[in-house]
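# Remarks on the overall topology
So the chains spell out like this:
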Amino acid sequence: MKGTLDVLVEAIDRETPEIISITLAPANGGALPPFDCGSHIDLHLSNGLIRQYSLWGSPEDGDRYRIAVKKEANSRGGSRHVHEALSVGDILPISYPRNNFPMTPGPERVVLLAGGVGITPILPMAEELERNDTDYELHYFTRSPELTAFADHIASSPIAGRTSHHFGLAPQEVQREMARILAPYRPGSHLYLCGPGPFIELVVAEAGRNWPRDAVHLEYFSAAPPASTGGQEGFEVYLAKAGQSFDVPADMSIAEVLLENGIGIELSCEQGICGTCLTRVVDGIPDHQDMFLSEEEHAQNDQMTLCVSRCKGNRLVLDI
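Residues numbered from 1 in each chain as written. Predicted model: local features only at pLDDT ≥ 70, side-chain atom pairs only at ≥ 80, totals over all residues. Heavy atoms only, no water.

Next up on the list: helix α2 (residues 119-131). The end-to-end C-alpha distance of α2 is 18 Å, a good match for the 18 Å that 13 residues give at a rise of 1.5 Å each. Buried residues dominate α2, accounting for 10 of its 13 residues. What α2 keeps buried is the set Ile119, Thr120, Pro121, Ile122, Leu123, Pro124, Met125, Ala126, Glu127 and Leu129. (Helix = DSSP H or I, 4+ residues; strand = E, 2+ residues; numbered from the N terminus. Expected span 1.5 Å × (residues − 1). Buried < 20%, exposed > 50% of the residue type's maximum accessible area, 1.4 Å probe, protein only.)

In terms of nonpolar packing, the biggest core is built from 25 residues, with Leu112, Ile119, Ile122, Met125 and Tyr192 touching the most fellow members. Among the secondary structure elements, those contributing two or more residues to this core are β8 (109-115), α2, β9 (135-142) and β11 (189-195). With six residues, the single largest contributor to this core is α2. Those residues within four positions of Ile119 in sequence are excluded, and the remaining contacts are Ala114, Leu138, Tyr140 and Phe150. (Core = buried A, V, L, I, M, F, W, Y, C linked by side-chain atoms within 4.5 Å. Contact = heavy atoms within 4.5 Å.)

Attention now goes to the sheet that holds strand β12 (residues 216-220). Ordered by their spatial adjacency, five strands build an open sheet running β10-β9-β8-β11-β12, and the pairing between neighbours is parallel. Edge positions in the sheet fall to β10 (163-167) and β12, since each of these pairs with one other strand and no more. With strand direction ignored, the average angle separating the axes of adjacent strands in the sheet is 15°. Bridging between β8 and β9 involves seven bridges; their strand directions are parallel. In the sheet register, Val110 faces β9, and the bridge partner there is Tyr136. Against the sheet, α2 engages β8, β9, β11 and β12, with an angle of about 155° to β8. The sheet strands contacting helix α4 (residues 171-182) are β8, β9, β10 and β11, and the helix crosses β9 at an angle near 180°. (Pairing = 2+ DSSP bridges. Axes fitted to C-alpha atoms, helices over the stretch in contact; angles between N-to-C directions.)

Summary statistics for the chain give a mean pLDDT of 91 and a share of 96% for residues scoring 70 or more. Taken element by element, the chain is modelled with least confidence in β12, mean pLDDT 89, and with most confidence in β10, mean pLDDT 98. Note that residues 226-230 has pLDDT below 50 and, in this model, one contact with residues that lie over four places away or in other chains. (pLDDT = per-residue confidence, 0-100.)

A word on the pairing of β12. Burial analysis of β12 places four of its five residues in the buried class, which makes it a mostly covered element. With helix α5 (residues 197-207) bridging β11 and its parallel neighbour β12, the resulting β-α-β unit is right-handed. (Right-handed = clockwise from strand over helix to strand, strands pointing away.)

What follows deals with the sheet that holds strand β15 (residues 278-283). The five strands lie next to each other as β14-β13-β19-β15-β17, forming an open sheet whose pairing is mixed. This sheet does not close on itself; its edge strands, each paired only once, are β14 (244-248) and β17 (303-305). The average undirected angle you get between the axes of adjacent strands in this sheet is 40°. Bridge analysis of strand β13 (residues 235-239) against β14 gives five bridges, and the strand direction is antiparallel. Bridging from a neighbouring strand, Val237 pairs with Phe246 of β14.

Now for the side chain of Thr163. Counting through the fold element by element, Thr163 comes out in strand β10. When its relative accessible area of 12% is taken as the criterion, Thr163 is described as buried. Of note is the side chain of Thr163, whose polar atom sits 2.8 Å from the backbone oxygen of Ile159. Those residues in contact with Thr163, other than ones at most four positions away along the chain, are Leu138 and Ile154. (Polar contact = N/O pair within 3.5 Å; in protein donor to acceptor, adjacent residues only side chain to side chain.)

Below, the discussion takes up the pattern of salt bridges. Inspection of the entire model under this criterion finds 17 salt bridges. The closest approach of N and O atoms between Arg98 and Asp42, which form a salt bridge, is 3.1 Å. Of this pair, Arg98 sits in strand β7 (residues 98-99) while Asp42 sits in strand β3 (residues 39-44); the two residues are 56 residues apart in sequence, bridging distant segments of the chain. Through salt bridges with shared partners, one network takes in Glu10, Asp63 and Arg64. (Salt bridge = Lys/Arg side-chain N within 4 Å of Asp/Glu carboxyl O.)

Below, the structure is given as structure tokens:
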């Protein structure tokens, strides 16, 4: 569902020195739209930025949304603004919930893996699996107990008995733990993971040894640092419906060029994670640099994210 709704910042709680949790309530009373596990919302911040955050509260709590925000050291302005400028009592627009990370209905067994603030979408999954009496286990990797968000919430929850904490492990130690957790594969099992890029890459590599690809589900909470544009070249973008052509220089994205020229496109994460700017490709070969589409979808070359992906040739024709 497109459009926005206004919410009230009801509470801001410090989870760790780096992470705050924010409770959002309807600005005008009533109930908020329902959501399911894995959903996220867009926050429209007062500095003009739009940022995505997963919902970690219970889908059964229809009058509150809860998100968690880590203040990133290399913040592009979103997390820093949330931590430094957002206050209890503020009213801000948000998107309706969307879900790019849904749980497969009725799995026989589920392994949940979270790295750092990647616990946010994983937590409601664990609680739903607990309510449904599904066989599951949650493994939560953080740097230390002091930097573990929602530690008290987990400890007092029915999921505590199914949760294993892993603190301060070096990459080689994480890899050994993953080998232990993920082997052997049991038919009917599904794996859900969220966290920083290196954590996800390590897990996916280990799961690739014996887990079927369609049993592994993941969500990045942030993109890898953007690659240098030094090796990139400019190209032409032609808009088939509008009948307009634009040059995209090496130091600008397609989205930036289109917006600069008054072409209305929807943007959210601007990191190739959310799929908001996903657009159909009529002709040309995209240079996919997103983390939203699967490898199979990349190979089809019939759609692309305009915020980060580019062109492998000299010209792209888009269905705009």
